[in-house]
Amino acid sequence: MTGTALRGLAGALILLLTTAVVCAGESSAWPDSFVGRLEALALIESLNADLLAHDSATLTIERWCADHRLADPARIVAERVSDAAKPASAEVRGALDVKPDEPLGYRRVRLKCGDRVLSEADNWYVPARLTPEMNRVLDTTETPFGKAVAALHFRRHTLSADLLWRPLPKGWEMGATPAAREAGMLTIPDHVLEHRAVLSTPYGEPFSEVVETYTGEVLAFPPPK
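A brief look at the structure comes next. (Residues numbered from 1 in each chain as written. Predicted model: local features only at pLDDT ≥ 70, side-chain atom pairs only at ≥ 80, totals over all residues. Heavy atoms only, no water.)

Brief notes about the overall build of the protein
- Scanning the protein from N- to C-terminus turns up 6 helices and 6 strands.
- Order of helices (α) and strands (β) in the protein, N terminus to C terminus: α-α-α-β-α-β-β-α-α-β-β-β.
- Expressed as a percentage of contacts within the protein between residues at least 6 apart in sequence, the contacts between residues at least 24 apart total 69%. (Helix = DSSP H or I, 4+ residues; strand = E, 2+ residues; numbered from the N terminus. Contact = heavy atoms within 4.5 Å.)

Here's the deal with the state of the cysteines
- Under the defined criterion, the tally for this structure stands at 1 disulfide.
- A sulfur-sulfur separation of 2.0 Å characterises the disulfide bridge that pairs Cys65 with Cys113. For the disulfide bridge between Cys65 and Cys113, the dihedral angle about the S-S bond is near -90 degrees, and by the sign convention the bridge is left-handed. Taken together, the positions of Cys65 in helix α3 (residues 57-67) and Cys113 in strand β2 (residues 105-113) put the pair 48 residues apart, joining distant regions of the chain. Cys113 carries the same exposure label as Cys65, and that label is buried. (Disulfide = S-S within 2.5 Å. Buried < 20%, exposed > 50% of the residue type's maximum accessible area, 1.4 Å probe, protein only.)

A short note on α3
- Those residues of α3 that sit buried are Ala57, Thr58, Thr60, Ile61, Glu62, Trp64 and Cys65.
- Where α3 terminates, the next one or two residues include Arg69, which has phi positive at roughly 50 degrees.

Here's the deal with the environment of Leu193
- Considering the arrangement of structural elements, one finds Leu193 in strand β5 (residues 191-200).
- Judged by its relative accessible area of 0%, Leu193 falls in the buried class.
- With 20 residues separating them in the primary sequence, Leu193 and Thr213 have C-alpha atoms 5.8 Å apart.
- Beyond its immediate stretch of four places on either side in the chain, Leu193 contacts Leu47, Asn48, Leu51, Asp162, Leu163, Leu164, Glu212, Thr213 and Tyr214.

A word on the environment of Pro206
- Among the secondary structure elements, Pro206 is positioned in strand β6 (residues 206-215).
- Pro206 sits in the buried class, given a relative accessible area of 12%.
- The sequence separation of Pro206 and Asp97 amounts to 109 residues, and the corresponding C-alpha distance is 7.2 Å.

What about helix α2 (residues 34-53)?
- When the terminal C-alpha atoms of α2 are compared, their 28 Å separation across 20 residues agrees well with the 28 Å that a helix rising 1.5 Å per residue should span.
- Elements in contact with the buried residues of α2: α3, β4 (155-163), β5 and β6. (Expected span 1.5 Å × (residues − 1).)

A word on the side chain of Thr58
- Checked against the element boundaries, Thr58 lands in helix α3.
- When residues no more than four places from it in sequence are discounted, the contact partners of Thr58 are Ile76, Pro144, Gly146 and Lys147.

Considering the sheet that holds strand β3 (residues 116-125)
- Pairing within the open sheet is antiparallel, and its 6 strands lie in the order β1-β2-β3-β6-β5-β4. Among the strands making up the open sheet, the edge pair consists of β1 (76-80) and β4. Strand-to-strand twist across the sheet, computed as the mean angle between neighbouring axes with direction ignored, equals 25 degrees.
- Set on the sheet, α2 makes contact with β4, β5 and β6; between it and β4 the angle comes to about 160 degrees. (Pairing = 2+ DSSP bridges. Axes fitted to C-alpha atoms, helices over the stretch in contact; angles between N-to-C directions.)

Considerations on the packing of aromatic side chains
- According to the stated counting rule, one finds 5 aromatic pairs in the structure shown.
- Taking the centre distance of 5.9 Å and the plane angle of 75 degrees together, the rings of Trp30 and Phe221 count as edge-to-face. One end of the pair, Trp30, is in the loop between α1 (3-27) and α2; the other, Phe221, is in the segment after β6, and 191 residues separate them in sequence. Across this residue pair, the class does not change: Trp30 and Phe221 are buried.
- Seen from their ring centres, Phe154 and Phe207 are 6.4 Å apart, and the 80 degrees between their planes marks the pair as edge-to-face. Of this pair, Phe154 sits in the loop between α6 (145-148) and β4 while Phe207 sits in strand β6, and the two are 53 residues apart along the sequence.
- What links up through ring pairs into an aromatic cluster is the set Tyr125, Phe145, Phe154 and Phe207. (Phe/Tyr/Trp six-rings, centres within 6.5 Å; stacked < 30°, edge-to-face > 60°.)

See the structure below:
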């Protein structure tokens, strides 16, 4: 093959790859239309309901990642945020039923599936109510909290569940729909959902309070066709 032919082939391959990347980007963009917003709202509500129905948020978002092909393998890793410190409030201590001077552990993590941060979490916990091995894992590894304490067969009690982003305005079902932008793409904010919950043993002893903020990356897949 001549040099001219090789250069022509290389140019064609570059054009093909560029087109593929552009098309992939377009396929994952949500249209700023009533239908696009309705689909986004339905999916966020679906994730919200799934979280409320299960004790482990880690396993729930791991399933979400797998079902929507956000990463392969679909495995959640807790990326520690270094130098993070947030003293427990009186409200947190009350929920955990601990004295004002009882030591609490604290973790701030980004729960990642592949390269995508699906959730950011603040977690206060009572080390004395965990095993030494659980405390070691929490102190030294990127294991998500729910997996680290799974042997406790914990129960989750949700204190609050709030949508931080509503793709459709209040009253949309009565006709207050947003005007569609011609060929516009929907801007999904950084944070879309927040849960606050207490984890307890099957006997009702609380040992952790968590605030989970779910990111717009939970919708980082092509919209339904």
